[in-house]
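# Overview (structure and organization)
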Amino acid sequence: MQKILVIQTAFIGDVVLATAVLEKLHLVYPDVKLDFLVRKGNDGLLKGHPFINELLVWDKTKSKYPHLWQMLKTIRRNRYDVVVNIQRFAATGFLTTFSGAKMTIGFDKNPWSVFFSKRIKHVISTPDQPLHEVNRNQSLIEPLTGDLIPVKPRLYPTDTDYAKVQSLQSNPYIVIAPASVWFTKQYPVAKWVELIDQLPRDYKIYIIGAPSDKSLAEAIYSGVQQKDKLQSLCGELSLLQSAALQEKAVMNYVNDSAPMHFASALNAPVTAVYCSTLPSFGFGPLSDRSYVVETKESLDCRPCGLHGQASCPKQHFNCANTIKVAQLLETLQAS
């Protein structure tokens, strides 16, 4: 084998977890060229990655299918020995099937999997039989690595990324990532305000997020009494710069969202707040110092979905509102 392509064109967190596949393949085959295909917008996560020979970027937002055709031409031209498709959707199945690779591997739930060289059973994680995504992805490359032992995902901020956040790290600090794509994954603003006001005054507190999260950060800032210790960095840091900041934080408070996976990929301390979703879905934190906080009440409506909802179906949002701020403070003390 000389060249392997790994495909993961889903969301940011999925790409971070897929880096565990790169880490394992590099560990077993240090001389093989590893290429990685991601969607446009997620490529910034992998800038300067030491194990990636070529980063392929598919623009799914404009001229999706013409770009898909161009991507297929690129893949065929690269003459891969193996294509490993982590995605379960038709477009990447198409790329895999017609890649021209000697071996094609993917999950059996992909509509094109009947044409793959190796079809791997996609096992759903449940509370009774939990299976983390990195373990599930490892099953794809077992034919190549010979075992089911995964390694942790990892990101590699550059020297420039670390330099960007260095001035923010002179004193002990806490990072809060309060946003999520889904409303029911998001700890309420009032709860974040309550947490910040109860955190020790000697910690600086940074809020991280995308430019679209600025209004959320402003809502939190307006409710906080101790405004002098809080600073919003929403829209000011790249994905890797946010991860670099998280790495040396005393604690990272996050939802079930991408910043949780950033923390895992840098082995940073993290407290993950689970509202409507469950860690047993297989996407929990992997840091050595990681804590999961969720409601202690038994709710027959939780979980209300695998990915969360745009609003609480029951209109009470008790899966979030019944999580005590004291539960979050306890993890800081435990650290």
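The coordinates are above.
In this report, we go over the structure that sits alongside the text. The residue numbers shown here count from 1 along each chain, following its written sequence. Local features in a predicted model are, by the rule used here, given only for residues with pLDDT of at least 70; side-chain atom pairs are given and counted only at 80 or more, and totals for whole chains, interfaces and linings are based on all residues. Think of the side-chain values as coming from all heavy atoms in the structure, minus any hydrogens and water.

## Some details on the packing of helix α1 (residues 12-28) against helix α9 (residues 258-265)
- What counts as an axis is a line fitted to C-alpha atoms, over the stretch in contact for a helix, and the angles between N-to-C directions run from 0 to 180 degrees. The helix count covers DSSP runs of H or I at least four residues long, the strand count covers runs of E at least two residues long, and both are numbered beginning at the N terminus. Two elements in contact, α1 and α9, have axes separated by 8 Å at closest approach and are oriented at 20°. Between α1 and α9, the interaxial angle falls into the category roughly parallel. In this structure, α1 meets α9 at a crossing whose hand is left-handed. Residues Ile12, Gly13, Val16 and Leu17 of α1 form the contact with α9, whose participating residues are Ala258, His261, Phe262 and Ala265.
- Along the lines of polarity and charge, the residues of the contact of α1 with α9 split into 6 nonpolar, 2 polar and no charged. Here the angle decides the label: under 35 degrees means roughly parallel, over 145 means roughly antiparallel, 65 to 115 means roughly perpendicular, and every other value means oblique. Left-handed describes a crossing in which the near helix is turned anticlockwise from the far one by less than a right angle; the clockwise case is right-handed. Contacts are assigned to residue pairs with any non-hydrogen atoms lying within 4.5 Å of each other. Following the grouping adopted for this structure description, the nonpolar residues are Ala, Val, Leu, Ile, Met, Phe, Trp, Tyr, Cys and Pro, the charged ones are Asp, Glu, Lys and Arg, and the polar ones are all others, Gly among them.

## Description of the sheet that holds strand β3 (residues 52-58)
- Strand order in the open sheet formed by 6 strands is β3-β2-β1-β4-β5-β6, with parallel pairing between adjacent strands. Of all strands in the sheet, those with a lone pairing partner are β3 and β6 (118-120), marking the two edges. Geometrically, the sheet is characterised by an average inter-axis angle of 15° between neighbouring strands, direction not taken into account.
- Strands are treated as partners if at least two bridges between them are detected by DSSP. Summarising the sheet, strand β1 (residues 3-7) and strand β4 (residues 82-85) pair through 4 bridges and their orientation is parallel. The residue bridging leucine 5 from the neighbouring strand is valine 83, located in β4.
- Together, β1, β2 (33-39) and β3 form the strand contacts of helix α2 (residues 64-78), whose direction differs from that of β3 by roughly 155°.

## Notes on the pattern of salt bridges
- For salt bridges, the criterion is a side-chain nitrogen of Lys or Arg within 4 Å of an Asp or Glu carboxyl oxygen. Summed over all chains, the structure comprises 8 salt bridges.
- Here lysine 185 ties to aspartate 256 by a salt bridge, and the two come within 3.7 Å at their closest N and O atoms. Of this pair, lysine 185 sits in the loop between β7 (173-177) and α6 (189-198) while aspartate 256 sits in the loop between β10 (251-255) and α9; the two residues are 71 residues apart in sequence, bridging distant segments of the chain. Taken individually, lysine 185 and aspartate 256 each receive the classification buried, so the pair is uniform in this respect.
- Put simply, arginine 302 and glutamate 294 hold a salt bridge, and the shortest N to O gap is 2.8 Å. Relative accessibility decides the category of a residue: with a 1.4 Å probe and only protein chains considered, values under 20% of the type maximum give buried, values over 50% give exposed, and everything between is partly exposed.

## What about the nonpolar core?
- Formed by 33 residues in total, the largest nonpolar core has its most connected members in Trp192, Leu195, Ile220, Tyr253 and Leu328.
- At the level of elements, β7, α6, β8 (204-207), α7 (214-223), β10, α10 (318-321) and α11 (325-334) are the ones that each hand at least two residues to this core.
- Excluding residues within four positions of it along the chain, tryptophan 192 makes contact with Ile176, Ala177, Pro178, Tyr187, Ile220, Tyr253, Val254, Asn255, Val273 and Leu328.
- By convention a nonpolar core is built from buried Ala, Val, Leu, Ile, Met, Phe, Trp, Tyr and Cys residues, the set being connected through side-chain atoms within 4.5 Å. Formed by 31 residues, the second largest nonpolar core is a distinct cluster that contains Val6, Leu45, Leu46 and Ile105.

## Considering the side chain of serine 276
- Relative to the helices and strands, serine 276 is located in the loop between β11 (270-274) and β12 (290-294).
- Contacts described as polar in this section are N or O atom pairs within 3.5 Å, which, within protein, must combine one atom able to donate a hydrogen with one able to accept it, while residues neighboring in sequence count only if both atoms come from side chains. A distance of 2.9 Å separates a polar atom in the side chain of serine 276 from the backbone oxygen of threonine 184.
- If we skip the residues at most four places from it in the chain, serine 276 touches Thr184, Lys185, Arg302, Pro303, Cys304, Gly308 and Cys319.

## A few points about the packing of aromatic side chains
- Working definition: a ring pair exists when centres of Phe, Tyr or Trp rings (six-membered ring for Trp) sit within 6.5 Å. Plane angles under 30 degrees give stacked, over 60 give edge-to-face, the rest tilted. Inspection of every chain in the model, using the stated rule, returns 8 aromatic pairs.
- When the ring of phenylalanine 98 is compared with that of tryptophan 112, the centres are 5.6 Å apart and the planes differ by 75°; the resulting orientation is edge-to-face. With phenylalanine 98 in the loop between α3 (90-97) and β5 (103-107) and tryptophan 112 in the loop between β5 and β6, this residue pair connects regions lying 14 residues apart in the sequence.
- One aromatic cluster is present, formed by Phe94, Phe98, Trp112 and Phe115 through successive ring pairs.
- Taking the ring centre of tyrosine 80 as reference, the NZ or CZ of lysine 3 above it sits at 5.2 Å. By the criterion adopted, a ring carries a charge over it if an Arg CZ or a Lys NZ lies within 6 Å of its centre and within 35 degrees of its normal.

## What about the environment of serine 280?
- Here serine 280 shows up in the loop between β11 and β12.
- In this structure the C-alpha to C-alpha distance between serine 280 and threonine 126, which are 154 residues apart in sequence, comes to 5.9 Å.
- With near-sequence residues (within four places) excluded, serine 280 lies in contact with Ser125, Thr126, Pro127 and Pro130.

## What to know about the state of the cysteines
- By disulfide we mean two sulfur atoms from cysteines, separated by a distance within 2.5 Å. Here the structure, examined in full by the defined rule, presents 0 disulfides.
- Of all cysteine sulfurs in the structure, the one in cysteine 275 sits closest to cysteine 234, which takes part in no disulfide; the separation is 18 Å.
- Residue classification places cysteine 234 among the buried positions, given a relative accessible area of 2%.
- Distance from the sulfur of cysteine 301, which forms no disulfide, to the nearest cysteine sulfur (cysteine 312) is 6.2 Å.
- Relative accessible area serves as the criterion here: at 22%, cysteine 301 is assigned to the partly exposed category.

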